[in-house]
Amino acid sequence: MTSDLPSLLRTLRVWAPEATSLPAFDPDGAPASPLPLFAAWFAEAVAAGEREPHTVSLATAGEDGLPDVRIVMLHGADERHGWSFASHATSRKGRQLAVRPYAALAFYWPSLGRQVRVRGRVTSAPDTESQADLHARSTGALAAALTGRQSEVLPSVGDLAAASEEAWERAVADPAAPAPTWTLYRLAPDAVEFFQGDERRRHVRLEYRRGEGSWEKVLLWP
């Protein structure tokens, strides 16, 4: 028996009052650069009970120009490097970034009706920093990185189980084991948009646009 998707969709609400609080957002009080506002909104998302506020949609495009998107984890954000995430250089996203080193990120925190969109050029961190990023994470993260072969065709789930078991054993025995293709990527933003939802659909959209040595702030129609 299949579900009636259209009927099911009509039963759902966006920003139901019992699950969502829509705070006021005055763009006139926003800081001169986007990172302090992002850090504040991120902390507020954590305080609001968002279970995985550090997960983010990453959009890239390959040599053919066709778009691709997936969920990744934010590894950091600072004024010097921008927004950071990681993957294998040999993965699909890694290959796409090699030929088109631009990407977009989209954070969504439904408990507050907020989105943050980041767009810009992507560069790879030095290998020493990429490996340090990996080894600062959990044993499971290292094991997954050591398993490798991300985005390649998998013959069977048995092959995955065998490779993963071997990688776990190595990660436990050698917590400093290198994963040569593991890469820390850094997105230097050209534009950062902050979206605050409003129950009357008067959503506030504040976009920072990078200029010559400073940021320009503009409002966008919702």
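Details of the structure are given in the entry above.
Residues numbered from 1 in each chain as written. Predicted model: local features only at pLDDT ≥ 70, side-chain atom pairs only at ≥ 80, totals over all residues. Heavy atoms only, no water.

**Student:** How should the overall build of the chain be read in this particular structure?
**Tutor:** When helices and strands are counted, the chain shows six helices and nine strands. With the C-alpha coordinates of the chain rotated into their principal frame, the extents come out at 60 × 55 × 40 Å. Taking contacts inside the chain between residues at least 6 apart in sequence as the whole, the part at least 24 apart equals 66%. With an accessible surface of roughly 13,300 Å², the chain has 55% of that area assigned to carbon and sulfur atoms. For the chain, the separation between the mean place of its 24 positive charges and that of its 28 negative charges on side chains is 5 Å. (Helix = DSSP H or I, 4+ residues; strand = E, 2+ residues; numbered from the N terminus. Contact = heavy atoms within 4.5 Å. Areas by Shrake-Rupley, 256 points an atom, 1.4 Å probe, with all protein chains shown as cover. Lys, Arg positive; Asp, Glu negative; His and termini not counted. Charge placed at Lys NZ, Arg CZ, Asp CG, Glu CD.)

**Student:** Can you walk me through the environment of His75 in this structure?
**Tutor:** In this fold, His75 is placed in the loop between β2 (67–73) and β3 (76–78). Take His75: its relative accessible area is 23%, and that puts it in the partly exposed class. His75 sits 10 residues away from Phe85 along the chain, and the two C-alpha atoms are 5.0 Å apart. Once residues within four sequence positions are removed from consideration, His75 is found in contact with Ser84, Phe85, Ala86, Asp133, Arg137, Trp182 and Leu184. Within the local environment of His75, its side chain forms a polar contact with the side chain of Asp133, the two groups lying 2.9 Å apart. (Buried < 20%, exposed > 50% of the residue type's maximum accessible area, 1.4 Å probe, protein only. Polar contact = N/O pair within 3.5 Å; in protein donor to acceptor, adjacent residues only side chain to side chain.)

**Student:** Explanation requested: the pairing of strand β9 (residues 215–220) in the structure shown.
**Tutor:** Direction of pairing for strand β8 (residues 204–210) relative to β9: antiparallel, over a ladder of six bridges. Looking at the pairing, Arg205 lines up with Leu220 of β9. Hairpin connection of β8 to β9: four residues between the antiparallel strands, including Gly213 at a positive phi of 80°. (Pairing = 2+ DSSP bridges.)

**Student:** Can you help me understand a nonpolar patch on the surface in this one?
**Tutor:** A contiguous nonpolar patch, built from Leu5, Leu8, Leu9 and Leu12 and spanning about 410 Å² of accessible area, is present on the exposed surface. Here Leu9 lies in helix α1 (residues 5–10). (Patch = residues over 30% accessible without salt bridge, like charges linked within 9 Å, V, L, I, M, F, W, Y side chains within 5 Å. Salt bridge = Lys/Arg side-chain N within 4 Å of Asp/Glu carboxyl O.)

**Student:** Mind showing me how you'd approach the pattern of salt bridges here?
**Tutor:** Where charged atoms from two side chains of opposite charge come close, those side chains can pair. Under the counting rule described, the total for this entry stands at six salt bridges. Close ionic contact of Arg114 with Glu44 constitutes a salt bridge, the shortest N to O distance being 2.6 Å. Pair noted here: Arg114 is in strand β6 (residues 114–124) and Glu44 is in helix α2 (residues 34–47), with a separation of 70 residues, a long-range link. Residue classification places Arg114 among the buried positions, given a relative accessible area of 3%. Between Arg70 and Asp68 there is a salt bridge, with the nearest N and O atoms lying 3.7 Å from each other. Among the residues examined, Asp68 registers a relative accessible area of 22% and is labelled partly exposed. It is possible to trace a salt-bridge network through shared partners that takes in Arg117, Glu193 and Arg205.

**Student:** Honestly, unusual backbone geometry in this entry has me stumped. Any pointers?
**Tutor:** The general pattern is negative phi for most residues beyond glycine and trans for most peptide bonds. Phi at Trp15 is positive, roughly 60°, even though this residue is not glycine. Within the fold, Trp15 resides in the loop between α1 and α2. Despite not being glycine, Arg201 has its phi angle at roughly 65°, a positive value. Within the secondary structure layout, Arg201 lies in the loop between β7 (182–196) and β8.

**Student:** What am I meant to see in the pairing of β7 here?
**Tutor:** Consecutive side chains along a regular strand alternate between the two faces of the sheet. Summarising burial for β7: 13 of the 15 residues are buried, a large majority. Pairing of strand β4 (residues 82–88) with β7 involves six bridges; the strand directions are antiparallel. By the bridge assignment, His88 is partnered in β7 with Trp182. Across 11 bridges, β6 lies against β7 in antiparallel orientation.

**Student:** So what exactly am I meant to see when it comes to the packing of aromatic side chains here?
**Tutor:** Applying the stated criterion across every chain yields a total of 12 aromatic pairs. Relative to Phe42, the ring of Phe38 lies with its centre 6.0 Å away and its plane at 35°, an arrangement referred to as tilted. Here Phe38 and its partner Phe42 are both found in helix α2, four residues apart, which amounts to about one turn of the helix. Considering the side-chain rings of Phe38 and Trp83, the 5.3 Å spacing of their centres and the 75° angle between planes classify their relative orientation as edge-to-face. Placement of the pair is Phe38 in helix α2 and Trp83 in strand β4, with a sequence separation of 45 residues. Taken as a pair, Phe38 and Trp83 share a single burial class, namely buried. Positioned above the aromatic ring of Trp41, the side-chain terminus of Arg114 is 4.1 Å from the ring centre. (Phe/Tyr/Trp six-rings, centres within 6.5 Å; stacked < 30°, edge-to-face > 60°. Lys NZ or Arg CZ within 6 Å of the ring centre and 35° of its normal.)

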